[in-house]
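Chain by chain, the residues run as shown.
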Amino acid sequence: MSSAVARPAEPARGESPGTLARRLLREAVKATLATRLEAGAEEGSWPYASLVLVAADVDGTPILLLSKLAQHTHNIDTDPHVSLLVDGTEGHPDVLTGPRATLLGRARLSEDPQSKRRFVARHPSASFYAGFKDFHVYRIELDRAHLVAGFGRIDWIERDQLLLPATHCQSCSDSEEALLASVNEGRDEQQWRAIAFDPEGVDLRRGTALRRIAFDEPVADMKQARSRLKRALEGLSTEG
């Protein structure tokens, strides 16, 4: 499993609820997936919570890689309504004051190769089973989210605030692989490498360590994106 840098995910000054919820998802390695378990006519249905690995698409859509043999996948095939808890409380002395978001939506099977690439880039161990016939990518079509960002900071966030506009994301999606290959040229596994990019930041990996670097403001074009990515990697080049 991948490991992330452990640090409190404190809300940044002036950060909107939607931006914070996206950041929590983008920084997450794992999440709690809640589906509905149909227990039978007499027992009815029950909430069913399970641990999953998670990644995020360019616009902030959650990406999962699930086995058709898993109970949560059986549940999704019966009812696609799910919730996904992403937890940013690690490192807080009182976890109930830390930020977390429950994302609500519908899990849909996806054949999008970019979604699989982004998931495997975040979780290299998944490359072993990502090609198995019983494993499939699911994207969660978000409807809204419930964010707890600390004491007294509680918000419901609608879809249009959760996801980046398509106009912000299309050029990033189209150019991501070529851009990553360009900025990583000449860098080996002992160095930080860019593994995913979006208008708000870049995800980096060195060995099993992950790091997210957020931009001060969203990038406007690919020239600016290339400059930001190179600067991010150069800033980490002196680390041991």
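Structure: see above.
Residues numbered from 1 in each chain as written. Predicted model: local features only at pLDDT ≥ 70, side-chain atom pairs only at ≥ 80, totals over all residues. Heavy atoms only, no water.

## As for the overall build of the protein chain
Scanning the protein chain from N- to C-terminus turns up six helices and twelve strands. Against the compact-globule benchmark of 18 Å for 240 residues, the protein chain has a radius of gyration of 18 Å, which places it among compact chains. Dimensions of the protein chain, computed from C-alpha atoms along their principal axes, come out at roughly 60 × 45 × 35 Å. Between the mean site of the 31 positive side-chain charges and the mean site of the 35 negative ones, the protein chain shows a separation of 4 Å. (Helix = DSSP H or I, 4+ residues; strand = E, 2+ residues; numbered from the N terminus. Rg over C-alpha atoms; globule rule 2.2 N^0.38 Å. Lys, Arg positive; Asp, Glu negative; His and termini not counted. Charge placed at Lys NZ, Arg CZ, Asp CG, Glu CD.)

## Structural notes on the nonpolar core
Core analysis: the biggest nonpolar cluster contains 28 residues, and Leu-64, Leu-84 and Leu-103 have the highest contact counts within it. Among the secondary structure elements, those contributing two or more residues to this core are helix H1 (17-27), strand S2 (30-40), strand S5 (62-67), strand S6 (81-87), strand S7 (100-110) and strand S8 (135-148). No other element matches S8, which puts five residues into this core. Those residues in contact with Leu-103, other than ones at most four positions away along the chain, are Leu-25, Pro-62, Val-82, Ser-83, Leu-84, Leu-142, Arg-144, Ala-145 and Leu-162. (Core = buried A, V, L, I, M, F, W, Y, C linked by side-chain atoms within 4.5 Å. Buried < 20%, exposed > 50% of the residue type's maximum accessible area, 1.4 Å probe, protein only. Contact = heavy atoms within 4.5 Å.)

## Some words on the packing of helix H5 (residues 166-184) against helix H6 (residues 222-236)
Their axes nearest at 10 Å, the elements H5 and H6 cross at an angle of 40°. Between H5 and H6, the angle falls in the class oblique. Crossing of H5 over H6 shows right-handed handedness. From H5, Ser-171, Cys-172, Ser-175, Leu-179, Leu-180, Ser-182, Val-183 and Asn-184 reach across to H6, where they touch Met-222, Ala-225, Arg-226, Leu-229, Lys-230 and Leu-233. (Axes fitted to C-alpha atoms, helices over the stretch in contact; angles between N-to-C directions. Parallel < 35°, antiparallel > 145°, perpendicular 65-115°, else oblique. Left-handed = near helix turned anticlockwise from the far one by under 90°.)

## Here we look at the layout of surface pockets
Roughly 220 Å³ of internal volume is contained in the second largest pocket. Looking at the second largest pocket, it is lined by 14 residues, and the ones nearest its centre are Ala-34, Arg-36, His-81, Val-82 and Ser-83. Residue classes in the lining of the second largest pocket are distributed as five nonpolar, five polar and four charged. (1 Å grid on protein atoms, 1.4 Å probe; cavity = no way out; pocket = protein on both sides within 12 Å on 5 of 7 lines; lining within 4 Å. Points joined across faces, edges and corners; volume = space filled by probe spheres on them. Nonpolar A, V, L, I, M, F, W, Y, C, P; charged D, E, K, R; others polar.)

## Thoughts on the environment of Thr-167
Position of Thr-167 relative to the elements: it lies in helix H5. As a C-alpha pair, Thr-167 and His-81 span 86 residues in sequence and 27 Å in three-dimensional space.

## What to know about helix H3 (residues 113-122)
An α-helical segment advances 3.6 residues per turn. Residues three or four places apart therefore align on the same side. Those residues of H3 that sit buried are Gln-114, Ser-115, Arg-118, Phe-119, Ala-121 and Arg-122. Along the axis of H3, the buried residues cluster in a sector spanning 165°; they form a single face. Where H3 begins, one side-chain oxygen reaches toward the backbone nitrogen of Gln-114, 3.2 Å away; that side chain belongs to Asp-112. (Arc of directions from axis to C-beta. Polar contact = N/O pair within 3.5 Å; in protein donor to acceptor, adjacent residues only side chain to side chain.)

## Describing empty space enclosed by the protein
Under the counting rule described, the total for this entry stands at one cavity of 30 Å³ or more. In this structure, the largest cavity encloses a volume near 60 Å³. Lining of the largest cavity is provided by Leu-25, Arg-26, Ala-55, Ala-56, Arg-118, Arg-122, Ile-195, Ala-196 and Asp-203. Of all the secondary structure elements, the ones that give two or more residues to the lining of the largest cavity are H1, strand S4 (55-56), H3 and strand S10 (193-198). Its residues assigned to classes, the lining of the largest cavity comprises five nonpolar, no polar and four charged.

## A closer look at the environment of Leu-109
Here Leu-109 is to be found in strand S7. The spatial distance from the C-alpha of Leu-109 to the C-alpha of Val-137 is 6.0 Å, given a sequence separation of 28 residues. With near-sequence residues (within four places) excluded, Leu-109 lies in contact with His-136, Val-137 and Tyr-138.

## Brief notes about the packing of aromatic side chains
Inspection of every chain in the model, using the stated rule, returns four aromatic pairs. Note on Tyr-129 and Phe-135: the rings are 4.6 Å apart at their centroids and 35° apart in plane angle, and the pair reads as tilted. Between the aromatic rings of Phe-132 and Phe-135, the centroid separation amounts to 6.4 Å while the plane-to-plane angle is 65°, which identifies the pairing as edge-to-face. With relative accessibility at 38%, the residue Phe-132 sits in the partly exposed group. Judged by its relative accessible area of 18%, Phe-135 is buried. Here the aromatic residues Phe-128, Tyr-129, Phe-132 and Phe-135 are joined through ring pairs into a cluster of three or more. Here the basic side chain of Arg-144 rests over the ring of Trp-156, its NZ or CZ set 4.1 Å away from the ring centre. (Phe/Tyr/Trp six-rings, centres within 6.5 Å; stacked < 30°, edge-to-face > 60°. Lys NZ or Arg CZ within 6 Å of the ring centre and 35° of its normal.)

## A word on the side chain of Arg-212
Residue position: Arg-212 is located in strand S12 (residues 209-214). Owing to a relative accessible area of 13%, Arg-212 belongs among the buried residues under this scheme. Of note is the side chain of Arg-212, whose polar atom sits 2.8 Å from the side chain of Asp-198. In terms of polar contacts, Arg-212 uses its side chain to reach the side chain of Asp-203, at 3.0 Å. Other than its neighbours up to four places away in sequence, Arg-212 contacts Arg-26, Glu-27, Asp-198, Glu-200, Gly-201, Val-202 and Asp-203.

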